[in-house]
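Chain by chain, the residues run as shown.
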Amino acid sequence: MTVVRTDRPAGSTLSQGELLQRGADQLRRDDPVLAGLLDDEVRYQNDMLPLVAYASIEDPTVLFAAGSALSNVTAEGYPGARYHPGTRQFDAIERLAVERAMRAFGARYANVQPHSCSSANLTVLFTLLAPGDTLLGLALSAGGHLTHGSSVSVTGRYLNAVHYGLTPAGWIDYERMAELAHEHRPKLIVAGASAYPRIIDYARFRAVADAVGAWLLADVSHIAGLVAAGVHPSPIDVAHVTTASTYKQLGGPRGGLILLGRDADAPSPDGRGTLADLMQRGVFPRLQGTPNPAGIAAKARAFDLLARPEFTETARAIVAGARRLAAGLAVRGHRILTGGTDNHIVLVDVLAAGMTGAVAEAALQECGVLANKNQLPGDRKPATVTSGLRLGTNMLAQRRFTGADVDECAALVADVLAAVRPVDDLRYELAPQVVERTRRRVAELVRRRPVAAYQR
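Quick caveat, the model's predicted, so the values are computed rather than measured.

Caption draft 1: Geometry of the side chain of Asn 374. Along the chain, the position of Asn 374 falls in strand β14 (residues 372–374). Ignoring any residue separated from it by four or fewer positions in sequence, one finds Asn 374 in contact with Ala 195, Leu 347, Asp 379, Thr 386, Ser 387, Gly 388, Leu 389 and Arg 390.

This is the structure:
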């Protein structure tokens, strides 16, 4: 453990590392309850088997930046044009984050200020559209997202949302999407999903958007890492605007990102500069006030890591692992939507195995395995129950799970689900010996593949 120097001359300043070390030491002394809970979380993350599709592991250097003294900075606006003083370092850091984001994704414009991909989506929608305008997006029950026009979202309340869906085999129904676009003449079409396991044909979406005079928004929140690594086709120069999360697959902090490609210099529809200028105004002052300076520093670090060969290897391992996981579950009798996957997501029809997604999620968690319930196309179960289970391999790849390790994951999941005895949609019975045996198997597996950053 680093020792904080106490023999400094009066008025000297701690380094960032020393400041955080002082905070850690003082927290343990002054608030051992909170410090203990934080330590317990580190152990929990290391000890559970993370088969979730909605998160990735932050590098310690990203965590370090996110906890920096930049959290003390308040600065609305952009570098060189802030509404507050004292932003010299933050200006340099935000410029660095923008530069690295553009390089990582091959973009001509990047805005790193959105607090989440939802914030980024709201910025795009309410900058390009007016209340009552028509939006065409993938239905939530078909794998879309709340911000794609769901009736429970502000996007569905203030916009006229029309939704396309999937074919009976679970693939995006491009023909129906085109029919709906020509019928309803949306002002914006969203291409993107939160639970879709296949490659998205952005060029086909753009052709439809151009034909009906619509904007095309590509939401790559879940697959941003695969896009940056070239493992999934990039929409940057196909869509008018691309949005992303920085934590789901990029190993970055909680936050969002707006990217523009070849349309960055297109004239803004309000006649005030370019599309890039419009997105700048859309984030601030239209949708957000103060950005998160420490979060932007963490994004800058995460974007730098994206450019390294190790990240490309991880992205390839994500896809290979997901395909192997899907195959392992299929051979054990589980129905996999679309028969497989092209990305990190594996969707399992657990209702076909006699239980709801809520029961499957809870039973697996009891055994030390994290996966989440998810609605399936045409699902008659509510979102709090569901008929499906969504699995993901982001964190398996980051922890360097081998093919044999992934096979063991498939066996673990299948064995637990086979042993579950559902009582109703939310309750189940599971023999204690099954729980104990599975937890031992999980412990052995994760001990071989720990979160490297959490080890001494």
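Caption draft 2: Looking closely at helix α5 (residues 117–128). An ideal rise of 1.5 Å per residue puts 16 Å on 12 residues; α5 measures up with 16 Å between its terminal C-alpha atoms. Burial analysis of α5 places 11 of its 12 residues in the buried class, which makes it a mostly covered element. A side-chain oxygen of the first residue of α5 lies 3.3 Å from the backbone nitrogen of Ser 118; this N-cap is Ser 116.

Caption draft 3: Looking closely at the UniProt feature "binding site: (6S)-5,6,7,8-tetrahydrofolate" (unreviewed entry) in the protein chain. With numbering aligned to this structure, UniProt lists the feature "binding site: (6S)-5,6,7,8-tetrahydrofolate" (unreviewed entry) at Leu 140, Gly 144, His 145 and Leu 146. One can find Leu 140 in the loop between β5 (134–138) and α6 (154–158). With near-sequence residues (within four places) excluded, Leu 140 lies in contact with His 145, Leu 146 and Ser 150. Structurally, the position occupied by Gly 144 is in the loop between β5 and α6. Look past the residues within four positions of Gly 144 in its chain and what remains in contact with it is Leu 138, Ala 139, Ala 193 and Ser 194.

Caption draft 4: Highlighting the sheet that holds strand β10 (residues 256–260). The strand order β4-β10-β9-β8-β7-β5-β6 describes an open sheet built from seven strands, whose pairing is mixed. Each edge of the open sheet is held by one strand with a lone partner, namely β4 (109–111) and β6 (160–164). On average, each strand axis in the sheet is tilted by 20° relative to the strand beside it, whichever way the strands run. Strand direction decides the pairing type here: strand β9 (residues 241–245) and β10, joined by four bridges, are antiparallel. Each residue of the ladder has a partner; that of Ser 245, found in β10, is Gly 256. Strands β4, β8 (215–219), β9 and β10 of the sheet are contacted by helix α10 (residues 275–287), whose axis makes an angle of about 0° with β4.

Rules and cut-offs
- Residues numbered from 1 in each chain as written.
- Predicted model: local features only at pLDDT ≥ 70, side-chain atom pairs only at ≥ 80, totals over all residues.
- Heavy atoms only, no water.
- Helix = DSSP H or I, 4+ residues; strand = E, 2+ residues; numbered from the N terminus.
- Contact = heavy atoms within 4.5 Å.
- Expected span 1.5 Å × (residues − 1).
- Buried < 20%, exposed > 50% of the residue type's maximum accessible area, 1.4 Å probe, protein only.
- Polar contact = N/O pair within 3.5 Å; in protein donor to acceptor, adjacent residues only side chain to side chain.
- UniProt positions renumbered as here; feature names shortened; annotations may be inferred.
- Pairing = 2+ DSSP bridges.
- Axes fitted to C-alpha atoms, helices over the stretch in contact; angles between N-to-C directions.

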